[in-house]
Amino acid sequence: MTKLSVNVNKIATLRNARGGNVPNLLKVASDIERFGAHGITIHPRPDERHIRYQDARDLKDIVTTEFNIEGNPNPKFIDLVLAIKPDQVTLVPDAEDAITSNAGWDTQKHKSFLKEVIKEFKNAGIRTSIFVDPDPKMVEGAKETGTDRIELYTESYATGYATDRERAILPFVEAAKKANELELGINAGHDLSLDNIQYFGQNIPGLLEVSIGHALICESIYLGLENVVNMYKNKLK
Ligand SMILES: CC(=O)[C@@H](O)[C@H](O)COP(=O)(O)O
Ligand SMILES: NCC(=O)COP(=O)(O)O
């Protein structure tokens, strides 16, 4: 079975919009675990626009499932992850001003840098994963960095799904076959949703884990709206 790790960045975005502590990120993460998710993912960004570095430290004390921290391994991020020691760290090559993650690593070009950072995390007992485009060459490069897993960057699949899902998934099947051949674990994420997740899971051999945030939180709002509107109406009778 593929594990579901819920990315709670958007809960922090909502909280930060009002400056208070509603919604309470720690309570939401605990509830998500209570509802059956297999893990919690966060992606602190340098400007702390959603997850703050202190959130990462606080979550470490309460997450009882798998804790996955994603981010670009700059010195501040590396120190944070080494101090927290989550179950998994996922390295993502984000530009500081990126609205969201928009590319995987060039694992050939950045091989020696990745090797060094991955060694440091693995020495600390943290499982490593690196974010890659669905390209067998990038998967081969990932293997040479010593990482335990790759995370396939699924944006192109999510975008292509509506028009031609067979075509959209092909590069991911090829990349997954290569990863399986090289005995690299496979995670996946970005823009996965209730619409596209089942077909992805059914077609990617050896898919260990998906991390899903944006769509899952939006879907939770939509699916909860009718109930909450009626709860308010009942209070106003
Ligand atoms: C690594 C990845 O795929 C991203 O989806 C990310 O974790 C989400 O980050 P934002 O919530 O900042 O868009
Ligand atoms: N690694 C991907 C992730 O954590 C969530 O991405 P998204 O569902 O918010 O696009």
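Under an unreviewed UniProt entry, the protein has the name Pyridoxine 5'-phosphate synthase and belongs to Maribacter aurantiacus. Entered under Pathway (unreviewed entry) in the UniProt record, the comment concerning the protein runs "Cofactor biosynthesis; pyridoxine 5'-phosphate biosynthesis; pyridoxine 5'-phosphate from D-erythrose 4-phosphate: step 5/5."

**Q** Quick question: what am I supposed to make of the site of ligand 1 here?
**A** Asn7, Asn9, His43, Arg45, Glu70, Val92, Thr100, Ser101, Phe131, Gly189, His190 and Gly213 make up every residue found near ligand 1. A breakdown of the residues in the shell around ligand 1 according to their chemical character gives two nonpolar, eight polar and two charged.

**Q** Can you walk me through the sheet that holds strand β4 (residues 88–91) in this structure?
**A** Paired through backbone hydrogen bonds, the strands of a sheet run either parallel or antiparallel to each other. Strand order in the closed barrel formed by eight strands is β1-β2-β3-β4-β5-β6-β7-β8, with parallel pairing between adjacent strands. Strand-to-strand twist of the sheet, defined as the mean angle between neighbouring strand axes without regard to direction, takes the value 25 degrees. The pairing of β4 with strand β5 (residues 127–132) spans four bridges and is parallel. Residue pairing across strands places Leu91 opposite Ile130, the latter belonging to β5.

**Q** Quick question: what am I supposed to make of helix α6 (residues 136–145) here?
**A** Residues spaced three or four apart along an α-helix point in a common direction, a consequence of the helix completing one turn every 3.6 residues. What α6 keeps buried is the set Met138, Val139, Gly141, Ala142 and Thr145. Around the axis of α6, the buried residues are gathered within 160 degrees of arc, so they sit on the same side. Structurally, α6 contributes buried residues whose contacts are with α5 (111–123), β5, β6 (149–153) and α7 (155–181). Downstream of α6 by a residue or two, Gly146 has a phi angle that is positive, lying close to 90 degrees.

**Q** Looking at this structure, I do not really get the packing of helix α2 (residues 25–34) against helix α3 (residues 53–62). What am I missing?
**A** To characterise two packed helices, one gives the angle between the axes of the helices and the distance between these axes. As a packed pair, α2 and α3 sit with axes 10 Å apart at the nearest point and diverge in direction by 40 degrees. In terms of orientation, α2 and α3 fall into the oblique class. For the crossing formed where α2 meets α3, the hand is right-handed. In this structure, α2 uses Leu25, Leu26, Ala29 and Ser30 to contact α3, whose residues at the interface are Asp55, Asp58, Leu59 and Ile62. Of the residues belonging to the contact of α2 with α3, the class tally is five nonpolar, one polar and two charged.

**Q** How should the site of ligand 2 be read in this particular structure?
**A** Taken together, 13 residues lie near ligand 2, and Asn7, Gly189, Ser211, Gly213 and His214 sit nearest. Counting residues per element, the ones that place at least two in the shell around ligand 2 are β8 (207–212) and α9 (214–235).

**Q** What exactly am I supposed to notice about α3 here?
**A** Listing the buried residues of α3 in full gives Asp55, Ala56 and Leu59. The buried residues of α3 occupy one face: seen down the axis, they fall within an arc of 100 degrees. Facing away from the buried side of α3 by over 90 degrees, the exposed positions are Gln54, Arg57 and Asp61. Close packing links the buried residues of α3 with α1 (9–18), α2, β2 (39–42), β3 (66–71) and α4 (75–84).

**Q** Sorry if this is basic, but what is going on with the pairing of β2 here?
**A** The two faces of a sheet get side chains in turn, since along a regular strand they alternate between them. Residues Gly39 and Thr41 point to one face of β2 and Ile40 and Ile42 to the other, with burial holding for every one of them. Relative to β2, strand β1 (residues 3–7) is paired through three bridges, and the arrangement is parallel. Bridge assignment links Asn7 to a residue of β2, and that residue is Thr41. The parallel pair β2 and β3, bridged by α3, forms a crossover whose chirality is right-handed.

**Q** When you look at the UniProt feature "site: Transition state stabilizer" (unreviewed entry) in the protein in this model, what are you seeing that I'm missing?
**A** This chain's UniProt record puts "site: Transition state stabilizer" (unreviewed entry) on Glu151. Considering the arrangement of structural elements, one finds Glu151 in strand β6. Discounting residues that sit within four places of it in the chain, Glu151 has contacts with Thr90, Ser129, Ile130, Phe131, Asn187, Ala188 and Gly189.

Cut-off values and rules
Residues numbered from 1 in each chain as written. Chains lettered and ligands numbered in written order. Predicted model: local features only at pLDDT ≥ 70, side-chain atom pairs only at ≥ 80, totals over all residues. UniProt positions renumbered as here; feature names shortened; annotations may be inferred. Near = placed C-beta within 6 Å. Nonpolar A, V, L, I, M, F, W, Y, C, P; charged D, E, K, R; others polar. Pairing = 2+ DSSP bridges. Helix = DSSP H or I, 4+ residues; strand = E, 2+ residues; numbered from the N terminus. Axes fitted to C-alpha atoms, helices over the stretch in contact; angles between N-to-C directions. Buried ≥ 20, exposed ≤ 12 C-beta atoms within 10 Å, placed from the backbone. Arc of directions from axis to C-beta. Contact = placed C-beta atoms within 7 Å. Parallel < 35°, antiparallel > 145°, perpendicular 65-115°, else oblique. Left-handed = near helix turned anticlockwise from the far one by under 90°. Right-handed = clockwise from strand over helix to strand, strands pointing away.

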